[in-house]
Amino acid sequence: MNVFEKTTQAGRDLFEINTATFRKIAELSAENFKKYIELNQDYFQKLPEVRELGAFVELQRGYGQSLWQGIQEDFKARGEILKNAVEQTGTVLRGVISNNDEDQQAAA
């Protein structure tokens, strides 16, 4: 494979990694948005049932905890997606560099 073909293949591989990464992030965002809407619907359905301040505080506490847990899970999942993308990108770039080194040694 010549240098042009190797460069083109590396570009394709990096494009596929980026496309897959953005697709996973978009799917995660859509899923999290759905969970957020469901959480808010549940909260607002329970809100009219509240008759005491203590019950309101407890409802608010549960809502806040669920929201915080969702945010933490989202950041963890996004971190994993990005970590995998960086690892895959590193593999592609290492392959390009090692092939380039081999080509230079063969030419010498």
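Above this text is the structure in question.
Here's what I pulled together on the structure shown here. Please read all numbers here as calculations on a predicted model, not as lab measurements.

Thresholds applied
- Residues numbered from 1 in each chain as written.
- Predicted model: local features only at pLDDT ≥ 70, side-chain atom pairs only at ≥ 80, totals over all residues.
- Heavy atoms only, no water.
- 1 Å grid on protein atoms, 1.4 Å probe; cavity = no way out; pocket = protein on both sides within 12 Å on 5 of 7 lines; lining within 4 Å.
- Points joined across faces, edges and corners; volume = space filled by probe spheres on them.
- Helix = DSSP H or I, 4+ residues; strand = E, 2+ residues; numbered from the N terminus.
- Nonpolar A, V, L, I, M, F, W, Y, C, P; charged D, E, K, R; others polar.
- Salt bridge = Lys/Arg side-chain N within 4 Å of Asp/Glu carboxyl O.
- Buried < 20%, exposed > 50% of the residue type's maximum accessible area, 1.4 Å probe, protein only.
- Phe/Tyr/Trp six-rings, centres within 6.5 Å; stacked < 30°, edge-to-face > 60°.
- Expected span 1.5 Å × (residues − 1).

## Some remarks on the layout of surface pockets
Next, step 1: The calculated volume of the largest pocket comes to roughly 250 Å³.
Next, step 2: Elements with a contribution of two residues or more to the lining of the largest pocket: α1 (3–46) and α2 (53–107).
Next, step 3: At six residues, the largest contribution of residues to the lining of the largest pocket is made by α2.
Next, step 4: Residues of the lining of the largest pocket, tallied by class, amount to four nonpolar, three polar and three charged.

## Some words on the pattern of salt bridges
Next, step 1: Throughout the structure, instances matching the rule amount to four salt bridges.
Next, step 2: For Lys-35, the salt bridge goes to Glu-31, with nearest N and O atoms at 3.5 Å. Placement of the pair is Lys-35 and Glu-31 together in helix α1, with a separation of four residues, close to one helical turn.
Next, step 3: A residue is classified by how much of its surface remains accessible, and Glu-31, at 44% relative accessible area, is partly exposed.
Next, step 4: Residue Arg-61 pairs with Glu-58 through a salt bridge whose shortest N-O separation is 3.0 Å. Of the two residues, Arg-61 and Glu-58 both sit in helix α2, three residues apart, roughly one turn of that helix.

## Focus: the packing of aromatic side chains
Next, step 1: Scanning the entire structure with this criterion turns up two aromatic pairs.
Next, step 2: Centroid distance Tyr-43 to Phe-44: 5.2 Å. Interplanar angle 75 degrees. Geometry classified as edge-to-face.
Next, step 3: Residues Tyr-43 and Tyr-63 carry aromatic rings whose centres are separated by 4.7 Å and whose planes lie at 40 degrees to one another, so their mutual orientation is tilted. In this pair, Tyr-43 is assigned in helix α1 and Tyr-63 in helix α2, connecting sequence segments 20 residues apart.
Next, step 4: Under the relative-accessibility criterion, Tyr-43 is labelled buried at 10%.
Next, step 5: Judged by relative accessible area, Tyr-63 falls into the buried class, the value being 15%.
Next, step 6: Aromatic ring contacts, followed pair by pair, group Tyr-43, Phe-44 and Tyr-63 into a single cluster.

## Brief notes about the environment of Val-50
Next, step 1: Tracing the sequence through the fold places Val-50 in the loop between α1 and α2.
Next, step 2: A relative accessible area of 21% means that Val-50 is categorised as partly exposed.

## Observations regarding α1
Next, step 1: Given a rise of 1.5 Å per residue, 44 residues ought to cover 64 Å, and the 64 Å separating the end C-alpha atoms of α1 matches this to within 8%.
Next, step 2: The complete set of buried residues in α1 reads Lys-6, Ala-10, Ile-17, Thr-21, Ile-25, Leu-28, Asn-32, Leu-39, Asn-40 and Tyr-43.

Interpretation in functional terms is not warranted from these geometric data alone.
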